[in-house]
Amino acid sequence: MGLDITVLAVDWERLEQTPCEERYALLEDAALPEDELDRYAEPQRGWVWPAAPNVPWCGRYEFHSTPGSYKPHFWAGQAWEDVREHAAPETREHLDASCGT
């Protein structure tokens, strides 16, 4: 697996006002926004404001000189979720066992 360092700058007062059970999802969206799932897109560099459309009060720093990232692993997991129900049962069983699902 790759190494990922994600730096977020948040408006702490806004985050505190968010119900506790919704905070993790917002921060996850800020760190890995869905609009960045295009692996062929030019990588962003430096501060990205806003971090995601639904979190306008949060910024994310994109390191441009690191050799690896967690994002390709995330994309692979998302791709599997997209096609999982169409895979043969024995394939799902094997892959789900290796993923800990």
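An account of the accompanying structure is given in this report. (Residues numbered from 1 in each chain as written. Predicted model: local features only at pLDDT ≥ 70, side-chain atom pairs only at ≥ 80, totals over all residues. Heavy atoms only, no water.)

## Remarks on the overall build of the protein
Phase 1: Secondary structure assignment for the protein yields 4 helices and 3 strands.
Phase 2: Starting at the N terminus, the α and β elements of the protein follow one another as β-α-α-β-β-α-α.
Phase 3: Per-residue burial for the protein yields a buried fraction of 24% across its 101 residues.
Phase 4: In the protein, the share of contacts with a sequence separation of at least 24, taken over all contacts with a separation of at least 6, comes to 54%.
Phase 5: Summing over all exposed atoms, the protein offers an accessible surface of approximately 7500 Å²; the carbon and sulfur share of this is 54%. (Helix = DSSP H or I, 4+ residues; strand = E, 2+ residues; numbered from the N terminus. Buried < 20%, exposed > 50% of the residue type's maximum accessible area, 1.4 Å probe, protein only. Contact = heavy atoms within 4.5 Å. Areas by Shrake-Rupley, 256 points an atom, 1.4 Å probe, with all protein chains shown as cover.)

## Brief notes about a nonpolar patch on the surface
Phase 1: A cluster of nonpolar residues, I5, V7, W47, W49 and F63, forms a patch on the protein surface that exposes about 510 Å² of accessible area.
Phase 2: Structurally, the position occupied by I5 is in the segment before β1 (7-10). (Patch = residues over 30% accessible without salt bridge, like charges linked within 9 Å, V, L, I, M, F, W, Y side chains within 5 Å. Salt bridge = Lys/Arg side-chain N within 4 Å of Asp/Glu carboxyl O.)

## A word on the nonpolar core
Phase 1: Residues L15, L26, A30, A51, A52, V55, W57 and C58 constitute the largest nonpolar core, which totals 8 residues.
Phase 2: Ignoring anything within four residues of it in the chain, the contact list for L15 reads V10, R23, L27 and W57. (Core = buried A, V, L, I, M, F, W, Y, C linked by side-chain atoms within 4.5 Å.)

## Regarding the sheet that holds β1
Phase 1: In spatial order, the strands read β1-β3-β2; together these 3 strands make up an open sheet with antiparallel pairing. Bordering the open sheet on either side are β1 and β2 (46-48), each of which pairs with just one other strand. Shown here is a sheet whose adjacent strand axes are inclined to one another by a mean of 25 degrees, direction ignored.
Phase 2: Bridging between β1 and strand β3 (residues 58-62) involves 4 bridges; their strand directions are antiparallel. Following the sheet pairing, V10 is matched in β3 by C58.
Phase 3: Sitting on the sheet, helix α2 (residues 20-31) touches β1 and β3, and the angle it makes with β1 is about 120 degrees. (Pairing = 2+ DSSP bridges. Axes fitted to C-alpha atoms, helices over the stretch in contact; angles between N-to-C directions.)

## Some points on the pairing of β3
Phase 1: For β3, the buried fraction is high: 4 of the 5 residues fall into the buried class.
Phase 2: Where β2 and β3 come together, 3 bridges link them in antiparallel fashion. For G46, the partnering residue across the bridge sits in β3 and is E62.

## A closer look at the pattern of salt bridges
Phase 1: This structure, assessed with the given rule, holds 1 salt bridge.
Phase 2: A salt bridge links R60 to E62; the shortest N-O distance between them is 2.5 Å.
Phase 3: Judged by relative accessible area, R60 falls into the buried class, the value being 1%.
Phase 4: The class of E62 is buried, set by a relative accessible area of 12%.

Honestly, it's all geometry; don't read function into it.
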